[in-house]
Every structure is written in C-alpha cells, then in structure tokens.
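# Residue-level structure breakdown
Here are the chains, one letter per residue:
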Amino acid sequence: MYNPRFEKDVFKRDVRNNVKTLFRKEVEEATPQQLFQAVSYAVKEAIIDDWLATQKQYEKDDPKTVYYMSMEFLLGRALGNNLINMTAYKEVKEALEEMGIDLNVIEDQEPDPALGNGGLGRLAACFLDSLATLGYASYGCGIRYRYGMFKQKIRDGYQVEAPDNWLKDGNPFELRRPEYAKEVRFGGNIRVEYDETGKTHFVQENYESVMAIPYDYPIVGYGNHIVNTLRIWDAEAIVDFQLDSFDRGDYHKAVEQENLAKNIVEVLYPNDNHIAGKELRLKQQYFFVSASIQAAITKFKKKHGDISKLPEKVTFQMNDTHPTVAVAELMRILLDEENLGWNEAWDITTKCCAYTNHTIMAEALEKWPIDLFSRLLPRIYQIIQEIDRRFVEQVRAQYPGNEEKVKKMAILMDGQVKMAHLAIVAGYSVNGVAKLHTEILKNQELKDFYQMMPEKFNNKTNGITQRRFLMHANPLLADWVTEKLGTKEWITDLSKMSGLKEWLDDEEALKEFMTIKFKNKERLAAYIKEHNGVEVDPRSIFDVQVKRLHEYKRQLLNILHVMYLYNQIKDHPEMSFYPKTYVFGAKASAGYIRAKEIIKLINSVADVINNDRSINGKLKVVFIEDYRVSNAELIFAAADISEQISTASKEASGTGNMKFMMNGAPTLGTMDGANVEIVDEVGIDNAFIFGLSADEVINYEQNGGYNPYDIYNNDPDIRRVVDQLVDGTYANGDKEMYRDLYNSLLNNQGGARADMYFILKDFRSYADAQARAMEAYKDTDKWAKMALKNTACCGKFSADRTIQEYVDDIWHLDHVVINEDELEY
Ligand code: 26W
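Residues numbered from 1 in each chain as written. Predicted model: local features only at pLDDT ≥ 70, side-chain atom pairs only at ≥ 80, totals over all residues. Heavy atoms only, no water.

The name an unreviewed UniProt entry gives the chain is Alpha-1,4 glucan phosphorylase, with Dorea longicatena as the organism. Quoted verbatim from the Catalytic activity (unreviewed entry) field of the UniProt record, the comment on the chain reads "[(1->4)-alpha-D-glucosyl](n) + phosphate = [(1->4)-alpha-D-glucosyl](n-1) + alpha-D-glucose 1-phosphate". On record in UniProt, under Cofactor (unreviewed entry), the comment for the chain is "pyridoxal 5'-phosphate". (UniProt positions renumbered as here; feature names shortened; annotations may be inferred.)

A full pass over the atoms with the stated rule returns 22 aromatic pairs. Taking 5.5 Å as the distance between ring centres and 40 degrees as the angle between the ring planes, the aromatic pair formed by Tyr-67 and Phe-316 counts as tilted. In this pair, Tyr-67 is assigned in strand β1 (residues 65-69) and Phe-316 in strand β11 (residues 314-319), connecting sequence segments 249 residues apart. Both residues of the pair, Tyr-67 and Phe-316, belong to the buried class. The ring of Tyr-399 carries Lys-405 above its face, with NZ or CZ at 4.7 Å from the centroid. The ring of Trp-503 carries Lys-484 above its face, with NZ or CZ at 4.7 Å from the centroid. (Phe/Tyr/Trp six-rings, centres within 6.5 Å; stacked < 30°, edge-to-face > 60°. Helix = DSSP H or I, 4+ residues; strand = E, 2+ residues; numbered from the N terminus. Buried < 20%, exposed > 50% of the residue type's maximum accessible area, 1.4 Å probe, protein only. Lys NZ or Arg CZ within 6 Å of the ring centre and 35° of its normal.)

One can find Asp-612 in the loop between α23 (593-610) and β20 (619-623). A polar contact of 2.7 Å, which involves the side chain of Asp-612, links it to the side chain of Lys-570. (Polar contact = N/O pair within 3.5 Å; in protein donor to acceptor, adjacent residues only side chain to side chain.)

Moving on, we get to the site of the ligand. In the vicinity of the ligand lie 22 residues, with Leu-120, His-358, Asn-462, Glu-651 and Gly-654 positioned nearest. Here an oxygen atom of the ligand sits 2.9 Å away from a polar atom, N or O, in the main chain of Leu-120. Separating an oxygen atom of the ligand from a side-chain N or O atom of His-358 is a distance of 2.6 Å. Calculation on the ligand without its partners gives an accessible area of 570 Å², and the protein chains cover 97% of this total. Examining the composition of the shell around the ligand, we find that 3 residues originate from one element, helix α6 (residues 119-133), more than from any other. Looking at which domains feed residues into the shell around the ligand, each of domain 2 (62-77 + 112-358 + 366-462 + 809-818) and domain 3 (482-797) supplies at least three. (Near = heavy atom within 4 Å. Areas by Shrake-Rupley, 256 points an atom, 1.4 Å probe, with all protein chains shown as cover. Domains from an automatic or database assignment.)

Ranked by internal contacts, the top residues of the largest apolar core, which has 289 residues, are Phe-287 and Phe-373. Leaving out residues up to four positions away in the same chain, Phe-287 has contacts with Val-184, Phe-186, Val-210, Met-211, Ala-212, Trp-233, Asp-234, Ala-235, Ile-264 and Val-265. (Core = buried A, V, L, I, M, F, W, Y, C linked by side-chain atoms within 4.5 Å. Contact = heavy atoms within 4.5 Å.)

So, on to the UniProt feature "modified residue: N6-(pyridoxal phosphate)lysine" (unreviewed entry) in the chain. Taking the numbering used here, the UniProt-annotated feature "modified residue: N6-(pyridoxal phosphate)lysine" (unreviewed entry) corresponds to Lys-659. As for its position among the elements, Lys-659 is in helix α25 (residues 656-662). When neighbours within four sequence positions are excluded, Lys-659 is seen to be in contact with Arg-122, Ile-464, Phe-469 and Phe-636.

Let's shift gears to the sheet that holds strand β22 (residues 667-669). Read across the sheet, 6 strands follow the order β20-β19-β18-β21-β22-β23 without closing on themselves; strand pairing throughout is parallel. Whereas interior strands pair on both sides, the edge strands pair on one side only; in this sheet they are β20 and β23 (688-689). Relative to β22, strand β21 (residues 641-644) runs parallel, the two being bridged by 3 bridges. From the neighbouring strand, Gln-644 faces β22, where its bridge partner is Gly-669. (Pairing = 2+ DSSP bridges.)

It is worth spelling out the pattern of salt bridges at this point. Here the structure, examined in full by the defined rule, presents 68 salt bridges. A salt bridge links Asp-479 to Lys-90; the shortest N-O distance between them is 3.2 Å. With Asp-479 in helix α20 (residues 475-485) and Lys-90 in helix α4 (residues 89-98), this pair connects stretches of sequence that are 389 residues apart. A relative accessible area of 53% means that Lys-90 is categorised as exposed. Between Asp-234 and Arg-146 there is a salt bridge, with the nearest N and O atoms lying 3.0 Å from each other. In this pair, Asp-234 sits in strand β10 (residues 227-236) while Arg-146 sits in the loop between β2 (138-143) and β3 (151-155), placing the two residues 88 residues apart along the sequence. Looking at Asp-234, the relative accessible area reads 2%, which means it is buried. Looking at Arg-146, the relative accessible area reads 31%, which means it is partly exposed. (Salt bridge = Lys/Arg side-chain N within 4 Å of Asp/Glu carboxyl O.)

Next up, the structure:
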C-alpha cells in the first residue's frame, strides 16, 4: 500500500517540522516524549488523507453501518499499530534510525489508553481493527474517561491504585469535533401535553443537562486505506445556561452543571464482573448512549429522511448490558421527536438493536433500583414500563396461569430494572461469546427466554487481531511465519496459518521456532529484571497466568500449586525438576478485598521462594506490576505455558488463551469458554486439560456444592499447603494474614459455599496436568512440535473470522473498497 507521506525524506522532514512547530526545538534537543508527539502527528497526517477518502467512499456507497456501543475500549498504544496497518512500520523505523531515533523507545513514550477493564474492552478494540480491515462501515461509541484503568503499584506485596492520567501530555491521534455536540438530559419530571389533534406529547421539565462533545479516533484498517472512527464522548457544562444562571444569581445551579459534566466522564469503573449499582455509572451509560444514538439518527436523517428505513442502514450492537438504555433511548427519539406511534417505533427498534452477553456470573448481571432509575431517567423509565407491560402480556398469553414465568422474565420486578431482560426482549439477536457459553445461556441462565424466542439466540466465538498480537507483539515470529508460508496472506486471512503444519517435522524449522521463543523470553526477562529486580532464567519454563484477578479465574489454585511444588522441592532436593518461572499479572478491582489478598499472597510466596538459595533457582515466581496491553504484548510472545484455569462454566470465552496459542504456548486449562474450541482445533494431545467439566460443576452447584473437608482430611499434601495459609509460613509468622483465604476454601460463609470455585476439588487433577506439562517440556523436540502446532492451528481465533460471522448472521453490512488509483495524493 502506497502513501507518499511515508517516503523517507518526506517523513523525516515532517517529523523535523513538527518538532519545530510543537516545541520550538531541533530534533536533537527534543525529549523522547516530544519526539513521540512529533512522529505521531506526522503519522496522523498520513492517516487523515485516508480518513477523508473513507468518508467520501461511504458517502458514495451508502453502506449499512454498525454502531458498536461499549462502555469500554481497551485500545492499547496506537502509534505502532497504526504504522503496521498503514504498512509503513519498517520504512518509518528506518527513517527514524537515520535520524538517530529508536522507534521502540518512541513507542514506549505513548501512554497506554486503558479505557477498559479486561476481556470485554479488549474485544471491542480487536473488533474495531477487524471491521476496518475487512472494509465495513462502523463506529465505536464510548466514553472519553479522563482517568482510565488505574495504574497498579505493588508496595510491600500489596496492590496500591494510582490514577491513570493518560491525557496529561495531550493525545496526538484524537480529533475534537465540537460541531457534532449533543445535549443529554437527566432528571426532572415529565409533563403530558395534548396538541390540537388530541395527540399526547411528553415534555421533560426541570432537568439538568450536559453537552456531549465527541472526540474521534482513527481506526486504521490493514493495507486497505480504510479508516473508521471510534467516537468517544467528553462532557461539558452548557455554557449559555451557566451565564444565564450567573445573571440570575443562580451560582449554585451553574456550579452543579459544571460538576455534573466533570463527574460523568471522570473515571472508568474498575469493576469487572461485579456491579456496585452506583448512580454515576447509570449516568455514564445514558450519557454516551444518548449522545451516540442522537448522532446516528442525525446522520441517517441527513441522508435518508425517512426514519422507517433506519434498520436498512443502521444497527446498534450492545456490548453486554451496559449500553442497554439504548433501546429505550431509541424508542424515546422515535416516539417523542419523530412522532411515530408505539408499534412503528417498536418495530424499528427491535430491528436495530442486538445484544452480546459476556458473562454468566450472577454478580455481573446489571439491575438498577427502580427509584434511582426513574428519578434519573424519568422518560426512559416510562418507556421501559410500557415495554415491560406489553412483554408481560405476551408471557401471560403464552403461558396462561404461570405467574412464576412472569416473575422470572419480567423486566421490572422486585423494585428493579433488569437490563439483560430488556436487552433480550428488544434485541433481534442475543449472542454468547463461545460455544460452551452460548449453550449454558440457552440451557441454564437464559433458558426461559431461549424457550420463548429461540430464533434470537446464536453463538459468536470471540477472536483477536493478529495485527497487534502477532505482528506487533512478536515481530520475529511474524517474519518467520511469512517466510515459512511464503506469503503475507495470514495477516488478513489467519486460516492460512495452517500452512505451518508442513514444518512440524522439519527439525531446522522447529529449532528456528524455538530460538525465536527464546529471544522473546530474554526480552521479557530483561523487562522483569528492570521492573521487578528479579533475575529469571530464560531457559526455565515460563508458565504464565495474566488476566484480571477474580476468584473464578483461580489464581489462588495456581499459587497454592506453586506452594505445593516448593514443599516438594524442599522435601526431595534430589527429585528431577525442570526449572520453572511462574509469571502472574493481574489487577484487582479496588474494593475486591479477597482478590487483593490473593495478590499479596502471590507476592509473599514470590518473596520466600525467590530468596531461598537452597533450591538453586529451580523455582521463581514473578508478579508483573501494572499488567496492561503494552506489557501483555511482551508477555504473550514469551510464554511457554498458557494458564487458563477458570472453574468450568464460569469463563464466558477468554481471549488471552487465543493470544498465547497464536504465539506458540500450549494451554494448560479446564474445559471452559473458548478453551474447548482451542482443544478442538489443536487436538487434546497438544494441550494439558484437567478438572471438573462444566456439567459437573453445574451439577454440584445445583446440589449444594461439595465438602472440601473430604479432600483436606484425606490428602496430606493439600492439607499442608492449605495450613500454610495460617501457620505464618508466608506471612512472617502472622497467622491471621491469610485466614480469610483459608476460610474461603474450607468453610461456608454466610451465603457463600465453602470452596465455591472448586479449587481443592480440582487441585490433584491440576497438579497432574502441571506434571504432564513438565514432562513434555523435557522432550525438547516434542515440545517444539506442540508449540508450533498451537501457532499453526490458531486460524479460527482471528477477530476477522468473528466479525465476518457477525456481519453474515447479525449485521448484514456492505463491503466497501477504496480504490488506490483513485486516491488524490
Ligand atoms: C461492572 C459490571 C461489569 C460486568 C461485567 C463490568 C464488566 C463486565 C464484563 C462482562 C467482564 C468481562 O470483561 N467479561 C469478559 O468478556 C470477554 C470478551 O467476551 C470474555 O472473553 C471473558 O470470558 C469475559 O469474562
């Protein structure tokens, strides 16, 4: 793909000019951060040309557009990725080298835009990349949080949260678009008016409002000149009103408006799979949803006029229930602003909205207290009441006399608004994110809905973008893959990776493959040395678990097993043991006490083991501080083993598992989420599977759990590690520090069953899988083959495949092509 702005001399001149105009300096005097800015602005200029061309093409082709509505977009750094997708990475790297600038150092200056918690946010970012790459018109719609995911510091083994002021140096890639601002209203009351024709009108009065100001981010497609837009909204007080208030001496009101605006976009809620039910979060949801839908309708009407045709050109995908007020907001606009009747408005809405479920964890299902909801969004609440009334009527018609059904399925029940029910009732599609997850939704969690409307339910197994997680994260492997396949087609068609199977019996190729892994391990070891001060041996097995800290993900199982291994090594120093490095990375939600105890435990165990000279470095434990997209890229490339050990049935999909696989790390895991499909692709012999099945877990759960004392009393090795939680071994003699973890494993506590995540139940089977993995690693040739087989079989897990399925089954978008010859530059 050609772009004259990346011709070396042109690019170098641009960078020099940018340093001058932005900082009044010469390149030689500029700081790395200033160089990052200057380089980024030069790249942005090249992007803008394509961005304009894309808009023009869309204007001409008038393709159907998906609005991907998400509270979270975990983008990761933009510079390197944009260069890759503009196919200019190598040229720019060389051009900068000629100026004495190291592109890697420049890339490291970019703050990691962390507008998301974990899997759901990162998935949204991968999807935008694939949508642009496949040539589909799309907008990401979200919030421009002033503070993204907190920065994690580890102090004395404890997690400490620090604010993530990611915008402090400005953001070169964003574009403020005040001309597209929209007003969003909260609170007040609804007055009913009748006009001369007798028609009813609903007028919101005494409300507070804010202006939503969009910031646009370019989403660059790979090698196709398509640049889509991520539109994230900032909030500003409405200035006229403020002046007006001053005039009237209503200073308080003016300050309130300022505060409302400031608070709404202040910070991303760092909760993952747990709702706190905070009013401010509902404000955030309505804020970005209302602004996005208004903008979509304005854009549609400008071109089409006839609102009844909306479903032909627009679809709103709701990323989990967080944006589900979209349904009622669209109804409000159609009813109150477009003056449609209920049936017509409902017909349009239910053809435009679709819902993706990302979790079966009950704590994560969003429910809002009706009093809070109706106070904050009075008109939206009225509309939901009417949706609920009509839906309940339908349930009663279908199941006469069955009030149990009504109780289970109603949107409004027990003083709460149930967002998942609203999403399902109003959506034309409901999808899970892996086969197993979708089956559990259909047969357990959402069974009643599935029985009533089976046609809505479908599966879309998640995927990841190979542009970031192979090309950018692992350039050595990416180049090797291209060389071995003799083509770059895998970059936009990951199924081509299967061609690597030809090399599975080629000793030379396997050696090269493992040499690349080794170099990536050296790269990570250097990072660990720099950030943790711990020396790890790149020849040891890198066994990695990186993901949000949650009990169901069972980092506790992993660290208990490390404690068990340590006991074994101490008891039997002569035992054969391949050196292992256990790598952890995880943020715990700030209020999730037990998750924070687990982080402390991991760090305490690391402290004891890493400082025990008697074990000759056979075992090391590293907790990587501030796990985020940028260091994740180093970690995936360097892993030997991918730990995916959630309690079966709990992990909807997982996407880290796919990133490890792509980079040649076999999965050590349970039959949960997408692990099941990974095993389908790679073969059970190329993974280390253990533990209860989802059916078994669900069965236990429905029968009151199991008794962990049966295990504790009968397995001395397990009893010993559990007791070590309360004998001071890892707490400088303090017997209370980990008492809560100990209790969580053995004793029922209030509503929570003892060991509700089946850690002790799965322990032996886990230890066995660990032992099998170590045995396999000892056989170098066999291991190399297994690792390469994983890379070769990752084709299915491209987000390109996932997006194509969404397009075929749910969105029905039109494919757009930009003809390079017609570009005017
Ligand atoms: C505060 C409410 C809340 C509730 C749920 C915040 C965030 C969530 C998300 C559903 C958590 C999440 O990220 N889920 C993950 O979504 C990924 C993408 O589909 C899946 O791969 C993970 O299995 C799932 O945990």
